[in-house]
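Chain residues, written in single-letter form:
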Amino acid sequence: IKSLIPTNRIIWCPFDTDDSSIVIALKREGYQVVNTHIDTGGDFFETEVECSCIISNPPFQNRTKIFKRLYSFNKPFIMLQPTQAFNNQAYVQMLIENNEHIGFLCPEERMRFISDGKLRPRDTAFYSFWHCYKIGIKGFMKL
């Protein structure tokens, strides 16, 4: 990620807690991270944080509303999404409208997630990818 985002940047993780794998990994790499998860009193739709980039694993519900808000900031972002996102017509329309600034980071395998502080014992039932906006990635790129 350092080749895409210099470490002197502030990254907002609006849907993550302090013990989120994303927050921990970014801090370990030297990034200043601001997280405003609902557990800490944050509300993504009411909050705006001064930052250079937004990286998170947003909830799957309210996808259209979340991405409309993300695009309204006009800041680079990286959001984890399941392939089922392509079944959402509004989401696909936003991809078309912002096509020149969008890319996808695609893991080789299905991701494993952490629940209640523990790594789930098996892979998820769905494939996930990182939706990137204004990060300098075009098209699909293997992680």
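Residues numbered from 1 in each chain as written. Predicted model: local features only at pLDDT ≥ 70, side-chain atom pairs only at ≥ 80, totals over all residues. Heavy atoms only, no water.

Participant: Teacher, can you tell me more about helix α2 (residues 63-73) here?
Facilitator: Taken together, the buried positions of α2 are Arg63, Ile66, Phe67, Arg69, Leu70, Tyr71 and Phe73. Tucked into the core, α2 has its buried residues touching β1 (10-13), β3 (53-56), β4 (77-82), α3 (89-97), β5 (102-106) and β8 (128-133). Directly beyond the C-terminal end of α2, a positive phi value near 55 degrees is found at Asn74. (Buried < 20%, exposed > 50% of the residue type's maximum accessible area, 1.4 Å probe, protein only. Helix = DSSP H or I, 4+ residues; strand = E, 2+ residues; numbered from the N terminus. Contact = heavy atoms within 4.5 Å.)

Participant: Looking at this model, I keep getting lost on the packing of aromatic side chains. Mind explaining?
Facilitator: Geometrically, a pair of aromatic rings is defined through the distance of the ring centres and the angle of the planes. Within this structure, the stated rule accounts for 16 aromatic pairs. Considering the side-chain rings of Phe15 and Phe44, the 4.8 Å spacing of their centres and the 50 degrees angle between planes classify their relative orientation as tilted. Linking Phe15 in the loop between β1 and α1 (21-28) with Phe44 in the loop between β2 (32-35) and β3, this pair joins segments that are 29 residues apart in sequence. You'll find Phe15 and Phe44 in the same group, each marked buried. Centre to centre, the rings of Phe67 and Tyr91 are 5.1 Å apart; their planes meet at 80 degrees, and the pair counts as edge-to-face. Here Tyr91 lies in helix α3 and Phe67 lies in helix α2, a separation of 24 residues in the sequence. On the basis of relative accessibility, which here comes to 1%, the residue Phe67 falls in the buried class. Put simply, the rings of Phe67, Tyr71, Phe77, Phe86, Tyr91, Phe104, Phe129, Tyr133 and Phe140 touch in pairs and so form one group of aromatic residues. The ring of Phe45 is capped by Lys65, whose NZ or CZ atom sits 4.3 Å from the centre of that ring. (Phe/Tyr/Trp six-rings, centres within 6.5 Å; stacked < 30°, edge-to-face > 60°. Lys NZ or Arg CZ within 6 Å of the ring centre and 35° of its normal.)

Participant: Mind showing me how you'd approach α3 here?
Facilitator: Quick reminder: α-helices carry 3.6 residues per turn. Residues three or four places apart thus point the same way. Within α3 the residues assigned to the buried category are Tyr91, Met94 and Leu95. Along the axis of α3, the buried residues cluster in a sector spanning 105 degrees; they form a single face. Facing away from the buried side of α3, by more than 90 degrees, are the exposed residues Gln89, Ile96 and Glu97. For α3, the side-chain oxygen to backbone nitrogen distance between the N-cap and Ala90 is 3.0 Å, and the N-cap itself is Asn88. (Arc of directions from axis to C-beta. Polar contact = N/O pair within 3.5 Å; in protein donor to acceptor, adjacent residues only side chain to side chain.)

Participant: Would you mind showing me how to read the pairing of β8 here?
Facilitator: Two faces, one strand: in a regular strand the side chains alternate between the faces of the sheet. Judged by how many residues are buried, β8 sits mostly within the fold: 6 of 6 residues are covered. Residue alternation in β8 divides its side chains into two sets, Ser128, Trp130 and Cys132 and Phe129, His131 and Tyr133, and both sets are buried. Bridge analysis of β4 against β8 gives 6 bridges, and the strand direction is antiparallel. Opposite Leu80, over in β8, you have Trp130 as the bridge partner. Direction of pairing for β5 relative to β8: antiparallel, over a ladder of 4 bridges. When the sheet's bridge partners are listed, Ile102 is paired in β8 with Tyr133. (Pairing = 2+ DSSP bridges.)

Participant: Could you clarify how one ought to interpret the side chain of Arg63 in this entry?
Facilitator: Tracing the backbone shows Arg63 in helix α2. Not counting the four nearest positions on each side in its chain, Arg63 is found in contact with Gln81, Pro82, Ala85, Asn88 and Tyr91.

Participant: Teacher, can you tell me more about the packing of α2 against α3 here?
Facilitator: Helix-helix packing: each pair is described by the crossing angle between the helix axes and the interaxial distance. Put simply, α2 and α3 touch, their axes get as near as 9 Å, and they point 20 degrees apart. The orientation of α2 with respect to α3, classified from their angle, is roughly parallel. The hand of the α2/α3 crossing is left-handed. Contacts from Arg63, Thr64, Phe67, Lys68 and Tyr71 of α2 reach α3 at Ala90, Tyr91, Met94 and Leu95. (Axes fitted to C-alpha atoms, helices over the stretch in contact; angles between N-to-C directions. Parallel < 35°, antiparallel > 145°, perpendicular 65-115°, else oblique. Left-handed = near helix turned anticlockwise from the far one by under 90°.)

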